[in-house]
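Chain by chain, the residues:
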Amino acid sequence: MTLIAPTLEAFFTQRLEGQRQASPRTIGSYRDTWRLLLGYALEKTGTPPAGLGIAALDADLVSGFLAHLEQDRKNTARTRNARLAAIRSFFKFAALRHPEHAGTIAQVLAIPSKKHGQRVVAYLTTVEATALLAAPDTGTWHGRRDRALLALAAQTGLRVTELTGLTRGDVQTGTGPHVRCHGKGRKDRVTPLTAGVTAVIRGWLREQPGSPSDPLFPTRTGRRLSSDAVQQLVTRHAGTAAKNCPSMRDKHVTPHTLRHTAAMSLLHAGVDPVTIALWLGHESPRSTQPYIHADLKLKEQALARTTPPKTRPGRYRPPDKLLAFLEGLGLCRDGGREPVAEPALPALPRHNRGLGIRSACGWSRAARSAAGGLHR
């Protein structure tokens, strides 16, 4: 039996860290996937993870694990696909080291990703964003920190991990104010700051002195904020803002909502999608298409351009009596009903001696009136 433990250890140390130079967050995501999978395998097979063989992790067990994620853990299809991607990456690595398990590995790699719907991105309007920035209590230290964080997030569109990773040295509030961050995909980018956000950040830096390597938004103990802590403060302040802004009550506001808000603000200002993609640190300009789909104003402008200027409401009326008669025949849809007794109609000349145009459901009112007009 080929144990999976040595291969899995080599996958993380040699493949991900040594060859791919994967980011710590990618390694952490893969680690969590395998912790869940090995725990599921222990429950199903009774074999400790260190004693599992590659043959034990067959397609049936992996498929059961993916179903367990959705049914028991209530994960979405996106999360399920992310877990499957981590499993596939390992089995591609294992295929080169253990060709004797090629059949089992090929079956696991053949498990398809699950399709999922594309939701419209959620963002805050100008009124809602203003209400959210006014929600923190600036009379407290936490309120001033949260207001600076929310203002920076709503204007720059930084990801939550980029926000928590900022240091005091990453922000320049002098001439040409900007913020520098190391973002997703190991890409560095610089985002300019508006005068209002610069004033808020400058005031926060004066209140919270420290060295350039210290976190820009620390906790009371001086440590970095976690992503969960940012999520909690955004949720708390969104609830406060909803009291004065009713339109926010039905919205689920997250740190990523502020990123969408920044993108939609740029789009409404007429900024082209390529510049928005560079602003947000997207890999491709195609990533900005969801913002275009979510922009109702652009669709309203397109509708205004395509609407005929002299459109008059009204129902179509056939200009000819014969056309009116034929149009009336289409009103009879339920052919399964019993025939309805109708007043006698004048005989119509026809060549067909069968059932003819008078169907089992009888004559419609429009057909009767049109037929009467044909013989006048």
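Keep in mind it's a predicted model, so treat the numbers as computed, not measured.

Peer 1: How would you explain the sheet that holds strand β3 (residues 188-192) if you had to name every residue and give the values?
Peer 2: The 3 strands are arranged β1-β2-β3 in an open sheet whose pairing can be described as antiparallel. The sheet is open, and its two borders are formed by β1 (171-172) and β3, each paired with just one other strand. Bridge analysis of strand β2 (residues 178-182) against β3 gives 5 bridges, and the strand direction is antiparallel. Bridge pairing in β3 places H182 opposite D188.

Peer 1: Let's hear about the packing of helix α7 (residues 141-156) against helix α10 (residues 227-242): which residues, and what values?
Peer 2: It is the contact of α7 with α10, at a shortest axis distance of 11 Å, that shows an interaxial angle of 95 degrees. Considering their axes alone, α7 and α10 lie roughly perpendicular with respect to each other. Of the residues in α10, those in contact with R145, D146, L149 and L150 of α7 are V230, L233, V234, R236 and H237. Among the residues making up the contact of α7 with α10, the classes are represented as 5 nonpolar, 1 polar and 3 charged.

Peer 1: Quick rundown of the packing of α7 against helix α9 (residues 195-207)? Include the residues and the values.
Peer 2: Helix packing for two helices is described by the angle between their axes and how far apart those axes are. α9 packs onto α7 with a crossing angle of 145 degrees between their chain directions and a minimal axis gap of 10 Å. The handedness of the crossing between α7 and α9 comes out as left-handed. Where α7 approaches α9, its residues W141, R144, R145, R147, A148, A151, L152 and Q155 are matched on the opposing element by V197, V200, I201, W204 and E207. Residues of the contact of α7 with α9, tallied by class, amount to 8 nonpolar, 1 polar and 4 charged.

Peer 1: Hey, could you go over helix α2 (residues 24-45) for me, with residue numbers and the actual values?
Peer 2: Given 3.6 residues to a turn, an α-helix orients residues that are three or four positions apart in the same direction. Here α2 is 22 residues long and its end C-alpha atoms lie 31 Å apart, about the 32 Å a rise of 1.5 Å per residue gives. Buried within α2 are the following residues: I27, G28, Y30, T33, W34, L37, L38, Y40 and A41. For α2, the secondary structure elements touched by its buried residues are α1 (4-19), α3 (59-71) and α4 (77-97). Immediately beyond the C-terminal end of α2, within one or two residues, lies G46, with a positive phi of roughly 80 degrees.

Peer 1: So what's going on with the side chain of H237? Which residues, and what values?
Peer 2: Within the secondary structure, H237 is located in helix α10. Relative accessible area serves as the criterion here: at 6%, H237 is assigned to the buried category. Setting aside its immediate chain neighbours within four residues, H237 contacts L132, A135, P136, D146 and L150.

Peer 1: Tell me about unusual backbone geometry, residues and numbers included.
Peer 2: Leaving glycine aside, a negative phi is the common case for residues, and trans is the common case for peptide bonds. A positive phi angle, near 50 degrees, is found at Q21, a position not held by glycine. Relative to the helices and strands, Q21 resides in the loop between α1 and α2. For Q21, a relative accessible area of 54% corresponds to the exposed category. In this structure, K74 takes a positive phi of about 60 degrees despite not being glycine. Take K74: it is sitting in the loop between α3 and α4.

Peer 1: Residues and numbers for the layout of surface pockets, please.
Peer 2: Space inside the second largest pocket adds up to approximately 470 Å³. T125, T126, A129, T261 and S265 are, among the 24 residues lining the second largest pocket, the residues nearest its centre. Elements with a minimum of two residues in the lining of the second largest pocket: α6 (126-133), α7, α9 and α11 (255-268). With 6 residues, the top contributor of residues to the lining of the second largest pocket is α11. Each residue belonging to the lining of the second largest pocket can be placed in one class, and the counts come to 13 nonpolar, 9 polar and 2 charged.

Peer 1: Let's hear about the pairing of β3: which residues, and what values?
Peer 2: Burial along β3 is one-sided: R189 and T191 are buried, and none of D188, V190 and P192, which face the opposite way, are. In this antiparallel pair of consecutive strands, β2 and β3, the connection spans 5 residues, and G185 shows a positive phi of 75 degrees.

Peer 1: Can you explain the environment of S113? Please cite residues and give values.
Peer 2: Position of S113 relative to the elements: it lies in the loop between α5 (102-109) and α6. Taking C-alpha positions, S113 is 7.4 Å from L84, a pair spaced 29 residues apart along the chain. The residues touching S113, leaving out its near neighbours within four places in the chain, are R80, N81, L84 and R88. Side chain to side chain, S113 and R88 meet in a polar contact 3.5 Å long.

Each value, and the rule that gives it
- Residues numbered from 1 in each chain as written.
- Predicted model: local features only at pLDDT ≥ 70, side-chain atom pairs only at ≥ 80, totals over all residues.
- Heavy atoms only, no water.
- Pairing = 2+ DSSP bridges.
- Helix = DSSP H or I, 4+ residues; strand = E, 2+ residues; numbered from the N terminus.
- Axes fitted to C-alpha atoms, helices over the stretch in contact; angles between N-to-C directions.
- Parallel < 35°, antiparallel > 145°, perpendicular 65-115°, else oblique.
- Contact = heavy atoms within 4.5 Å.
- Nonpolar A, V, L, I, M, F, W, Y, C, P; charged D, E, K, R; others polar.
- Left-handed = near helix turned anticlockwise from the far one by under 90°.
- Expected span 1.5 Å × (residues − 1).
- Buried < 20%, exposed > 50% of the residue type's maximum accessible area, 1.4 Å probe, protein only.
- 1 Å grid on protein atoms, 1.4 Å probe; cavity = no way out; pocket = protein on both sides within 12 Å on 5 of 7 lines; lining within 4 Å.
- Points joined across faces, edges and corners; volume = space filled by probe spheres on them.
- Polar contact = N/O pair within 3.5 Å; in protein donor to acceptor, adjacent residues only side chain to side chain.

The quantities given are spatial measurements derived from coordinates; they are silent on function.
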